[in-house]
Amino acid sequence: MSVEHRRQHEAIAILDFGSQYTQLIARRIREAHVYCEMFPWNTPPEQVLALSPRGFVLSGGPASVYAPGAPFLPEYVLAQEVPVLGICYGMHLLAAHLGGRVVRATDREYGAAEVRSVGPPNPLFDGLPALRVWMSHGDRVEALPPGFEVLACSANSPVAAMGHLARRLYGLQFHPEVVHTERGAELLRRFAVEICGCAPDWTPAAFIEQAVSTIRERVGDDDVVCGLSGGVDSAVTATLVHRAIGDRLTSIFVNTGLLRKGEPEQVVRTFREHLGMRLVAVDASEEFLEALSGVSDPEQKRRIIGERFIRVFEREARRLGHARFLAQGTLYPDVIESRGPERQSAARIKTHHNVGGLPEDMHFELLEPLRYLFKDEVRAVGEALGLPEEIVWRQPFPGPGLAVRVLGEVTWERLEILRAADSILLEELGAAGLLRGETQQAFAVLLPVRSVGVMGDERTYQYVLAIRAVTTEDFMTADWARLDHALLARISNRIVNEVAGVNRVVYDITSKPPATIEWE
Ligand code: XMP
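Residues numbered from 1 in each chain as written. Predicted model: local features only at pLDDT ≥ 70, side-chain atom pairs only at ≥ 80, totals over all residues. Heavy atoms only, no water.

1. Concerning the side chain of Asp508
- By the element assignment, Asp508 lies in the segment after strand E18 (502-507).
- Classification of Asp508 as buried rests on a relative accessible area of 8%.
- In this view, Asp508 contacts Ile467, Arg468, Trp480 and Trp519; residues no more than four positions away in its chain are not counted. (Helix = DSSP H or I, 4+ residues; strand = E, 2+ residues; numbered from the N terminus. Buried < 20%, exposed > 50% of the residue type's maximum accessible area, 1.4 Å probe, protein only. Contact = heavy atoms within 4.5 Å.)

Right, dumping it as structure tokens:
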């Protein structure tokens, strides 16, 4: 997406000094309807300034400001003479840079603390009560730089907040971006809207208007292909491109045979019939099943599916003639994560093949209209575009689909058993109102074991089915959902009665870690 697209909004630049919470700063500012972007702290200045930021936020970070090689405050930031908010390490940077003193605190402060606002009237704290906030620091500001005043203090932090009101420079020792900080979102809103003067106009409607005109400009008279998976990201991407260029977009939907019950039909119904898009739907189930035959290792399944998908997609795209662009539903967290080595997790637990991703040897130019959006913003845009609720609120579904939920070898018969059980589970959770954010992911898993049961007077020897339902914020950690027992009973009864081949249902009560969300 071009810089022009972003420049139309008044924006805040967040410099990332390595805190695990930096993404949350961006989310809170966006929730206040102000556009912002994150940059690694040492990004070349011209890239950051291309955003024409009306203010800077300096994130927290693990280092100590005086440590050799520690990240420092780049000169260009203060030279812009726009407001700056330093959070934790960011505040230490401001203090050290401007002639104050930062020391290692004798009492380190981790966890909750109460801060009271003190000092002169100021736009950050005026009218706020004492706040419970989240602290996590070893260093603290001992001497303020000239011109600064203390704006808040806590029992262990005489300088819990500081400010140079005339220069509009602020520092917070605590983390306003985490949910454990009371009114933290309000503090960030005040900084962005009141102190920096950004208009809170970053709304789904504004985004759509801009995205559509940018796509139109960039694509010109050329053609675009887009892979639809049925998930919200690709659905919103395709709908935006379709709004921009109509029938010069062709979407390709590959039915791998590994989707949930009714999904292929729903995709065709929604995009071809309801939204009037050109859609090529390919039934490649046999091809996928054949490739998976005899394979039970999860990583091998992922590899086979990823490769097969690219092959099928490529074949279909070629058949369409040549399009210059490939539209993809890349989101901001993917962009951030692929940026710095320090942000890439070390151990690879599972290969998260992005099925539906870019065929590497195809020479498309990429069109990524969601590149700067978080997932919740994508859903809001989807709603504003009029996409149906079951697509907008669809839970994440792994690229390899049901292949990693039929444990062991994948056969058509076992897929059909899983599909039937899974649809009962989703139906019951939906009826209980638990699919719109209360349980972030819920699904059935077919185990490769049979157990003995009794139905009527008959002994049975059939499959065991596991139910997984989790609550999570970011899918990196998760807890099992404390589903109501009556609901679990109904789900179990219905599955055993209605799905031939299953005689036992178990509920997974493991958190992540130590388990993962998926079973394979
Ligand atoms: P785990 O099982 O690692 O999953 O706790 C975390 C999230 O990622 C999804 N997941 C995948 N998504 N391809 C994907 O596109 C994959 O191979 C894959 N494996 C897991 C999982 O559903 C959960 O939301």
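Next comes the rest of the description.
2. Here's the deal with the domain arrangement of the chain
- Here the chain is described as being made up of domain 1 (3-195), domain 2 (204-392) and domain 3 (405-507).
- Placing a centre on the C-alpha atoms of domain 2 and another on those of domain 3 gives a separation of 28 Å.
- The partner domain 3 presents 13 residues to the 14 residues of domain 2 that form the contact.
- Summing both partners gives a buried area of about 1100 Å² for domain 2 against domain 3, and 55% of it is carried by carbon and sulfur. (Domains from an automatic or database assignment. Buried area = accessible area lost by both parts, 1.4 Å probe.)

3. Description of the nonpolar core
- Core analysis: the biggest nonpolar cluster contains 157 residues, and Ile12, Ile29 and Leu240 have the highest contact counts within it.
- At eight residues, the largest contribution of residues to this core is made by helix H8 (residues 232-245).
- In this structure, Ile29 is in contact with Ile12, Ile14, Val34, Cys36, Val57, Leu188 and Ala192, ignoring residues within four places of it in sequence.
- Listed in part, the nine residues of the second largest apolar core include Phe443, Val445, Val464 and Val470. (Core = buried A, V, L, I, M, F, W, Y, C linked by side-chain atoms within 4.5 Å.)

4. Some details on the pairing of strand E1 (residues 11-16)
- Across the six residues of E1, six count as buried, placing the element largely inside the fold.
- Both faces of E1 are covered, namely the face carrying Ala11, Ala13 and Leu15 and the face carrying Ile12, Ile14 and Asp16.
- With five bridges connecting them, E1 and strand E3 (residues 53-58) associate as parallel partners. Note that in E3 the partner of Ile14 across the bridge is Val57.
- The pairing of E1 with strand E2 (residues 35-40) spans six bridges and is parallel. When the bridges of E2 are listed, Asp16 appears paired with Pro40.
- Read from E1 through helix H2 (residues 22-31) to E2, the crossover connection turns out right-handed. (Pairing = 2+ DSSP bridges. Right-handed = clockwise from strand over helix to strand, strands pointing away.)

5. Focus: the packing of H8 against helix H13 (residues 375-384)
- Between H8 and H13, whose axes approach to 10 Å, the crossing angle comes to 50°. Compared by their axis directions, H8 and H13 come out oblique. Where H8 crosses over H13, the two elements pack in a sense that is left-handed. Along its contact with H8, which presents Val232, Asp233 and Val236, the element H13 presents Lys375, Val378, Arg379, Val381 and Gly382.
- In terms of residue class, the contact of H8 with H13 is built from four nonpolar, one polar and three charged. (Axes fitted to C-alpha atoms, helices over the stretch in contact; angles between N-to-C directions. Parallel < 35°, antiparallel > 145°, perpendicular 65-115°, else oblique. Left-handed = near helix turned anticlockwise from the far one by under 90°. Nonpolar A, V, L, I, M, F, W, Y, C, P; charged D, E, K, R; others polar.)

6. Some details on the side chain of Glu520
- With respect to the helices, strands and loops of the structure, Glu520 is situated in the segment after E18.
- On the accessibility criterion, Glu520 (11% relative accessible area) is buried.
- In this structure the side chain of Glu520 is engaged in a polar contact, spanning 3.3 Å, whose partner is the backbone nitrogen of Gly408. (Polar contact = N/O pair within 3.5 Å; in protein donor to acceptor, adjacent residues only side chain to side chain.)

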